[in-house]
Amino acid sequence: FAGIYCFSASPPFPITKISAEPLLGEDFYPQSTSLKKVIFPGGLVLEREILYIAYGKNDQELWIAKLDWNLIHSSLRQIGGT
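Chemist: Any chance you could explain the pattern of salt bridges here in plain terms?
Modeler: Where charged atoms from two side chains of opposite charge approach closely, those side chains can pair. Summed over the entire model, instances satisfying the criterion amount to two salt bridges. Note that Arg48 and Glu47 form a salt bridge whose closest N and O atoms lie 3.8 Å from each other. The class for Glu47 is partly exposed, based on a relative accessible area of 39%.

Structure, rendered in C-alpha cells:
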C-alpha cells in the first residue's frame, strides 16, 4: 500500500507529517493476474485542490489516481515536535 509523507524544505529534510492510513480508493489496487504484485509511485501533481498521482502496476501498466488534496492533507499526522 502507498501513503503520503511531508518533509522539511531544509536539510537534513526530516519528515514532518505522515498519512495515518494507506491511500485507498475505488480501483486503486485492482486485482491482478500478474505474478508481480507491485505498486510504485512515478510522480505527482497538485493542481488547485486535486492531487494527481502517477503510479505503475506490476511493471506492466501506468495508472493515474485523482485525490482530494484537502481530505488527504487534513488526515496527515504531525511527526515529532515540528
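Chemist: Before we go on, may I ask you to explain the sheet that holds strand 5 (residues 61-68) in this structure?
Modeler: Strands pair in a sheet through their backbones, by hydrogen bonds, and they do so in one of two ways: parallel or antiparallel. The strand order across the open sheet built from three strands is 3-4-5, with neighbouring strands paired in antiparallel fashion. Of all the strands in the sheet, the pair left with one neighbour each is strand 3 (39-47) and strand 5. Going from strand to strand, the sheet's axes swing by 20° on average, the running direction of each strand aside. Relative to strand 4 (residues 50-57), strand 3 runs antiparallel, the two sharing eight bridges. Residue Leu46 lies in a different strand from strand 4, and its bridge partner there is Leu51.

Chemist: I'm lost on the sheet that holds strand 2 (residues 15-19) in this one. Help?
Modeler: The three strands are arranged 1-2-6 in an open sheet whose pairing can be described as antiparallel. Here the strands that pair on one side only, and so sit at the sheet edges, are strand 1 (5-7) and strand 6 (76-78). Mean inter-strand twist for the sheet, computed between neighbouring axes without regard to direction, equals 25°. Pairing analysis gives three bridges linking strand 1 to strand 2, with the strands arranged antiparallel. Pairing of Tyr5 across the sheet is with Ile18, part of strand 2.

Rules used in this analysis
Residues numbered from 1 in each chain as written. Predicted model: local features only at pLDDT ≥ 70, side-chain atom pairs only at ≥ 80, totals over all residues. Heavy atoms only, no water. Salt bridge = Lys/Arg side-chain N within 4 Å of Asp/Glu carboxyl O. Buried < 20%, exposed > 50% of the residue type's maximum accessible area, 1.4 Å probe, protein only. Pairing = 2+ DSSP bridges. Helix = DSSP H or I, 4+ residues; strand = E, 2+ residues; numbered from the N terminus. Axes fitted to C-alpha atoms, helices over the stretch in contact; angles between N-to-C directions.

That's the geometry; what it means functionally is another story.
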